[in-house]
Amino acid sequence: MIRFIAGKKQSVNSGKDGVRVSMRVYIGFDDTDTADSDRGTGKLARWFEKELPEGTRLWGAVRQQLPVMEGIPYTSQNSSACLIVEGVDPDQKQALIDRAAAHIQHHFIEGSDPGLCVMEADAPAAADLIAFARESCTRVVTQREAMAAVKGIHLSGHGGTNDGIIGAAAGVGLTLYGWSGRFIEFGGLRAFADEVQVRDLESRGIQVLSIDRNALVPGPADWVDTRGWLRPRLWGYRPILPVRNRSRGCWESLGTKRKHNGSEHGTCHSPTGYRKAG
């Protein structure tokens, strides 16, 4: 098991004690399920929010896609998950690792090959880990390469072949990179209605970005049809929701659930709301 090292420090008010030091920590999970299990690594990762130490908070959870190619074993989609946790005191870091490891042991599916990676935001090995993560998107990489990239960051296997350390390390590296992945949790995104105004998304820290040819800027009062699947991308270290224009004041987000048939969507019927098409 590789040692966890000190990283980014942030000043946080702590009342009578003056100022305390806290950190942003990245926690990568991979390969915790099997092909016939009823849950994936993303769900296991999101469940960990309830296990966070007191005083810390989940900033976001990001799904990272890894390549599907010959020579890479994977369950169904070859994705890993990375949690971004804020407000971690230096004396909480080992507890965070221990809780994450115990969380895997409690929830992983027998027959999987779980891996865990935990690091602080500006750990000295961050650049090497990002380089490894980007390389892992282009070819088959090995456990040895993953361990060489982390250099002092916590990386551990928790069963089977321990191949999950590769995806866990890559997931953290890609999230650190800041231009990869989609959020599976951020600001209560799963509680939003299928149709939501731009201003409401922005108030939660989700920037709405038009990717149309003419790239008209969505207005605060415009509506976005998420088609029941609000999943901002991690672009520029921020949650960005890419949208296409459907009509005046109406936008739709990219992507749907894998089994979505695309036959139902919302349509603007007035400046103040949507109605279901059909």
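Residues numbered from 1 in each chain as written. Predicted model: local features only at pLDDT ≥ 70, side-chain atom pairs only at ≥ 80, totals over all residues. Heavy atoms only, no water.

Visitor: Whenever I open this one, the overall build of the protein chain confuses me. Can you help?
Guide: Looking only at helices and strands, the protein chain has 6 helices and 15 strands in total. A burial count over the protein chain gives 50% of its 278 residues as buried. In the protein chain, the proportion of contacts linking residues at least 24 apart, taken out of those at least 6 apart, comes to 71%. Looking at the protein chain as shown, the accessible area adds up to about 13700 Å², and 48% of this sits on carbon and sulfur atoms. (Helix = DSSP H or I, 4+ residues; strand = E, 2+ residues; numbered from the N terminus. Buried < 20%, exposed > 50% of the residue type's maximum accessible area, 1.4 Å probe, protein only. Contact = heavy atoms within 4.5 Å. Areas by Shrake-Rupley, 256 points an atom, 1.4 Å probe, with all protein chains shown as cover.)

Visitor: Mind showing me how you'd approach the side chain of E185 here?
Guide: Along the chain, E185 falls in strand β7 (residues 182–185). Reaching out from E185, the side chain makes a polar contact with the backbone nitrogen of L189 at a distance of 3.4 Å. With residues up to four places along the chain from it excluded, the contact list for E185 reads R46, L58, G60, A61 and R190. (Polar contact = N/O pair within 3.5 Å; in protein donor to acceptor, adjacent residues only side chain to side chain.)

Visitor: What is the right way to read the pattern of salt bridges from this model?
Guide: Opposite charge on two side chains permits them to pair, given that their charged atoms come into close proximity. By the definition in use, this model includes 7 salt bridges. In this structure, the salt-bridge partner of E135 is R139, at a minimum N-O distance of 2.7 Å. A relative accessible area of 34% means that E135 is categorised as partly exposed. Ionic pairing is found between E252 and R246, a salt bridge with its closest N-O pair at 2.5 Å. Connected through shared salt-bridge partners, R24, R57 and E86 make up one network. (Salt bridge = Lys/Arg side-chain N within 4 Å of Asp/Glu carboxyl O.)

Visitor: Explanation requested: the nonpolar core in the structure shown.
Guide: Side chains of nonpolar character tend, in soluble globular proteins, to be buried together. M119, L129, F132, L201 and V224 are the most contacted members of the largest nonpolar core, which totals 44 residues. Contributing elements (two or more residues each) for this core: β3 (57–65), β4 (79–88), β5 (115–120), α3 (126–136), α4 (143–150), α5 (164–177), α6 (198–203) and β12 (238–247). A per-element tally of this core places α5 first, with 8 residues. Those residues within four positions of L129 in sequence are excluded, and the remaining contacts are M119, A149, V150, I153, A169, V172, G173 and L176. Ranked by size, the runner-up nonpolar core spans 23 residues in total, among them L44, A45, L58 and I97. (Core = buried A, V, L, I, M, F, W, Y, C linked by side-chain atoms within 4.5 Å.)

Visitor: How do you make sense of α5 when you look at a structure like this?
Guide: Residues separated by three or four positions in an α-helix point in the same direction, a consequence of the helix having 3.6 residues per turn. In this model α5 runs 20 Å from its N-terminal to its C-terminal C-alpha over 14 residues, within 8% of the 20 Å that 1.5 Å per residue would give. Counting buried residues in α5 gives 13 out of 14 residues, a clear majority hidden from the surface. Phi turns positive, to about 85 degrees, at G178, one or two residues after α5. (Expected span 1.5 Å × (residues − 1).)

Visitor: Please explain α4 as it appears in this structure.
Guide: Buried residues of α4: A146, A149 and V150, and no others. Axial view of α4: buried residues confined to an arc of 95 degrees, hence all on one face. Summarising the contacts, the buried residues of α4 are in contact with α3, β6 (154–157) and α5. A positive phi of about 40 degrees marks K151, the residue just after α4. (Arc of directions from axis to C-beta.)

No statement about biological role is implied by the geometric values presented.
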